[in-house]
Amino acid sequence: MSLTEKIFQRKLGRVPSPGEVVEVVPDIVGFHDLTGHHVVEVLEKMGGDMRFNPESIVVSFDHLAPPPDKKAAEVQVYTRGFVRKVSIRNFYDVGSVDWGILHQVILEKYALPGQIVFGADSHTNTAGAVGAFAQGLGATDIAALLKLGRTWLVVPSPMRMRILGNPPPTITGKDVALDILGHFGVDGLNGYSVEAYVESPTFDVEHRATVSNMSTEMGADAFMFVPDRATYDYVKLMRGVDAPRVEPEPNAKYVDEYDIELPRLEPLVAAPYTPDNVKAVTEVEGTEVDMVFIGSCTNGRLSDLEAAARIVKGRRARARCIVIPASHRVFQEALRLGYVETFTSAGCVVTYGTCGPCLGGHFGIPGPGEVVVSTSNRNFRGRMGHVDAKIYLSNPYVAAASIVEGKIVDPRHLL
Amino acid sequence: MSLVVRGKALVYGDKIDTDVIIPAKYLVYTDPKVLGEHAMEGIDPEFPKKASQGVVLVAGKAFGIGSSREQAAIALKGAGVRAVIAESFARIFYRNAINVGLPVLQVGGIRDAVAEGDELEVSVEEGEVRNLTRGTTIRVNPLRGLPLEILKKGGLLEYVRGV
């Protein structure tokens, strides 16, 4: 059995066929401020009662947090009221202990191998990094799930990917994600549940989280990393508990396969205006850069900050630079390790726990004609708040190199 | 609700993403009228005016890629879109459209069979797109099962109220 089949067998007591519509009770459901108010509004129109266990709900305010305007503050007051009314304990408000971007909070504190996770956000699939089957849904779907205690989905076809060899310097999970996007395109993994097998332990859960996260951009139904030593070590390190061992069987059957050899990869970027417009960094070298954003649920983890700090250390920013660790935990580690000082000394602005400019919400919206290098997940027209800004997506090494050079350069020259 | 809709075709390309359908700054709103005024703002500021008489939106591959924002489907519906026909859809957008009562139909090659302004009649239940301007009909797999039941009720909210 594949990991996908095992997960559905655990839920249904049988193995369903790909294409079948099944109903499941998820292990975790999440939402944030910008979808939360919509979920709550629809749930109240449905009668307001809730069969889903509030203990299994995770809420974090991350998109427009702290609120940049009146309307954002209003929807947070509304959602906070609901959280209190139904006694959701797993609630992460601005500045609360372990506050962070929802997907990062779920990864750090909740998701486990073999679980099913749904969230009112397309990047909920980030939890696939530890071998959970995770999908984003719209607000009404999540409201109905909370009311009825279950939801439906179309069973996807399992596909195998193998990530082979050791990552060379400056190659990260982002380059793997972009390689897959370049190969399959933005709808290439529609209907697939990818099960990724990793050969090298250095391609750890943080690299994996970036790939699972961007499987939204690939159209994948789910993107799970097959749990291994790195997975169990990560859960133990973050939460002090032993994760359940849920792994595919050696005879697992897959409808399709794709291999990525890490030693053959070079740093990649996605040029405007789609995440599958993938080029080698060398193809766009010299492009003048106005602003760089390092952060988001895609690349706001400690190893991302470490990567960027290695390049920025001792240099001065030549582009506007915003760095946002994905959670309070990441921020504190970055403080302890000196990365925050490295960034601020170079002239970067640092905050934490928010999606910030990724979706054009606040904290650094680019202007007309400006070029942005961002470690986030989307470069659609208008994504960061202005339709005439051009966004290049990259890994944190390329982003950091752009900070110190003021243009896109190959980061391998700067290490 | 009736699952047969009529309207003039508005034709767009591949990979129409949720950021151009409705930018994130409007996600603090859920009102179809407010959202409809900004539908497709990222690629066609004239869209709300064009759609106001009731239209069928025709697009290429991967329509609705990107975010889970249900406001993308609500904005289109609020602007006057009566159905979306595309070569393919992003999974979440497709679900959201059905959940807010916006008929969607996947039709391979649709952009070769329809020109901007053609009068279309779409039946998702029969899996038919009738181009009344050209006098042609395209048949595809109809919508079935739970998605069809939800759409017949007018959306998931109405469906759940009736469970």
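This section reports on the structure supplied with the text.

What counts and how
Residues numbered from 1 in each chain as written. Chains lettered and ligands numbered in written order. Predicted model: local features only at pLDDT ≥ 70, side-chain atom pairs only at ≥ 80, totals over all residues. Heavy atoms only, no water. Helix = DSSP H or I, 4+ residues; strand = E, 2+ residues; numbered from the N terminus. Rg over C-alpha atoms; globule rule 2.2 N^0.38 Å. Buried < 20%, exposed > 50% of the residue type's maximum accessible area, 1.4 Å probe, protein only. Areas by Shrake-Rupley, 256 points an atom, 1.4 Å probe, with all protein chains shown as cover. Disulfide = S-S within 2.5 Å. Salt bridge = Lys/Arg side-chain N within 4 Å of Asp/Glu carboxyl O. Core = buried A, V, L, I, M, F, W, Y, C linked by side-chain atoms within 4.5 Å. Contact = heavy atoms within 4.5 Å. Pairing = 2+ DSSP bridges. Axes fitted to C-alpha atoms, helices over the stretch in contact; angles between N-to-C directions. Buried area = accessible area lost by both parts, 1.4 Å probe. Polar contact = N/O pair within 3.5 Å; in protein donor to acceptor, adjacent residues only side chain to side chain. Nonpolar A, V, L, I, M, F, W, Y, C, P; charged D, E, K, R; others polar. Parallel < 35°, antiparallel > 145°, perpendicular 65-115°, else oblique. Left-handed = near helix turned anticlockwise from the far one by under 90°.

Quick notes on the overall build of chain A
Next up, step 1: Across its full length, chain A carries 13 helices and 18 strands.
Next up, step 2: Here the C-alpha radius of gyration of chain A, 20 Å, is about what a compact globule of 415 residues would show, namely 22 Å.
Next up, step 3: Counting only C-alpha atoms and orienting by the principal axes, one finds that chain A spans roughly 55 × 55 × 40 Å.
Next up, step 4: Residues counted as buried form 65% of the 415 residues belonging to chain A.
Next up, step 5: Only carbon and sulfur atoms are counted for the fraction: they give 48% of the accessible area of chain A, which is about 13,800 Å².

What about the environment of Pro32(B)?
Next up, step 1: Assignment of secondary structure puts Pro32(B) in helix 2 (residues 32–36).
Next up, step 2: Measuring from C-alpha to C-alpha, the distance between Pro32(B) and Lys61(B) comes to 25 Å, with 29 residues separating the pair along the chain.

Concerning the state of the cysteines
All names here are of chain A.
Next up, step 1: Scanning the entire structure with this criterion turns up one disulfide over all chains.
Next up, step 2: The partner cysteine of Cys321 in its disulfide is Cys348, sulfur to sulfur 2.4 Å. Looking down the S-S bond of the Cys321 and Cys348 bridge, the torsion is 90°, so its handedness is right-handed. Here the residue Cys321 occupies a position in strand 15 (residues 320–324), and Cys348 occupies one in the loop between helix 12 (339–346) and strand 16 (349–350), the gap between them amounting to 27 residues.
Next up, step 3: Among the cysteines around Cys355, which has no disulfide bond, Cys297 carries the closest sulfur, lying 6.4 Å off.
Next up, step 4: Unpaired in this structure, Cys358 has its nearest cysteine sulfur neighbour in Cys297, at a distance of 6.3 Å.
Next up, step 5: Residue classification places Cys358 among the buried residues on the basis of a relative accessible area of 5%.

Quick look at the pattern of salt bridges
Next up, step 1: For the structure on display, the rule yields 38 salt bridges over all chains.
Next up, step 2: Among the salt bridges present, the one from Glu44(A) reaches Lys85(A), with a minimum N-O distance of 3.7 Å. Residue Glu44(A) is found in helix 2 (residues 33–45), and its partner Lys85(A) is found in helix 3 (residues 70–85); the two are separated by 41 residues along the sequence.
Next up, step 3: Note on Glu44(A): relative accessible area 37%, which makes it partly exposed.
Next up, step 4: Through salt bridges with shared partners, a single network forms among Glu121(B), Glu126(B), Glu128(B), Arg130(B) and Arg139(B).

Section: the nonpolar core
Next up, step 1: The biggest cluster of nonpolar side chains holds 127 residues, and the ones touching the most others in it are Ile142(A), Phe47(B), Leu57(B), Phe63(B) and Leu76(B).
Next up, step 2: The greatest single-element share of this core, amounting to seven residues, is contributed by helix 5 (residues 139–148) of chain A.
Next up, step 3: In terms of nonpolar packing, the next biggest core, distinct from the first, is built from 41 residues, Met218(A), Leu262(A), Phe380(A) and Ala62(B) among them.

Topic: the environment of Ala209(A)
Residue and element names in this part refer to chain A.
Next up, step 1: Turning to its location among the elements, Ala209 is positioned in helix 7 (residues 205–218).
Next up, step 2: When the C-alpha positions of Ala209 and Arg301 are compared, they lie 9.3 Å apart, and in sequence the two are 92 residues distant.
Next up, step 3: Filtering out sequence-adjacent residues up to four positions away, Ala209 remains in contact with Leu107, Thr126, Ala129 and Arg301.

Digging into the sheet that holds strand 3 (residues 57–60) of chain A
Sheets are built from strands paired through backbone hydrogen bonds, the pairs being either parallel or antiparallel.
All names here are of chain A.
Next up, step 1: The strand order 4-3-2-5-6 describes an open sheet built from five strands, whose pairing is parallel. On the outer flanks of this sheet lie strand 4 (91–92) and strand 6 (133–136), each paired with one strand and no other.
Next up, step 2: Across four bridges, strand 2 (residues 28–32) lies against strand 3 in parallel orientation. In the strand pairing of strand 3, Phe31 is matched with Val59.
Next up, step 3: Running at roughly 135° to strand 3, helix 4 (residues 102–109) makes contact with strand 2, strand 3 and strand 4 of the sheet.
Next up, step 4: Here helix 5 sits on the sheet in contact with strand 2, strand 3 and strand 5 (116–119), set at roughly 135° to strand 2.

Details of unusual backbone geometry
Next up, step 1: Note the cis peptide between Ala65(A) and Pro66(A), where omega equals -10°.
Next up, step 2: Along the chain, the position of Pro66(A) falls in the loop between strand 3 and helix 3.
Next up, step 3: Positive phi outside glycine occurs at Ser296(A), with the angle close to 85°.
Next up, step 4: When you line up the elements, Ser296(A) lands in helix 9 (residues 296–299).
Next up, step 5: Of note, Ala62(B) is a non-glycine position whose phi angle comes to about 55°, a positive value.

Concerning the interface of chain B and chain A
Next up, step 1: Every contact between the two is made by 34 residues of chain B and, on the other side, 41 residues of chain A.
Next up, step 2: Overall, the association of chain B and chain A removes approximately 3,200 Å² of surface from exposure, summing both partners, and the carbon and sulfur fraction of that is 60%.
Next up, step 3: On the chain B side of the interface with chain A, the three residues burying the most area are Val28(B), Arg91(B) and Arg95(B), jointly 22% of the side's total.
Next up, step 4: A salt bridge links Asp276(A) to Lys15(B); the shortest N-O distance between them is 3.0 Å.
Next up, step 5: The interface formed by chain B and chain A includes 17 residue pairs in polar contact (both at pLDDT 80 or more).
Next up, step 6: Where the side of chain B that touches chain A is concerned, the elements lending two or more residues are helix 1 (18–21), helix 4 (71–79), helix 5 (91–99), helix 7 (145–153) and helix 8 (156–162) of chain B.
Next up, step 7: In terms of residues, the side of chain B that touches chain A owes the most to one element, helix 5 of chain B, which gives five residues.
Next up, step 8: Tallied by class, residues from the side of chain B that touches chain A come to 16 nonpolar, nine polar and nine charged.

So, the packing of helix 6 (residues 173–184) of chain A against helix 7 of chain A
All names here are of chain A.
Next up, step 1: At a minimum axis distance of 8 Å, the contact between helix 6 and helix 7 shows a crossing angle of 25°. Judged by the angle between their axes, helix 6 and helix 7 are roughly parallel. With respect to the hand of their crossing, helix 6 and helix 7 are arranged in right-handed fashion. Between helix 6 and helix 7, the residues in contact are Gly173, Lys174, Val176, Ala177, Leu178, Ile180 and Leu181 and His207, Thr210, Val211, Met214, Glu217 and Met218, respectively.
Next up, step 2: For the contact of helix 6 with helix 7, a count of residues per class yields eight nonpolar, three polar and two charged.

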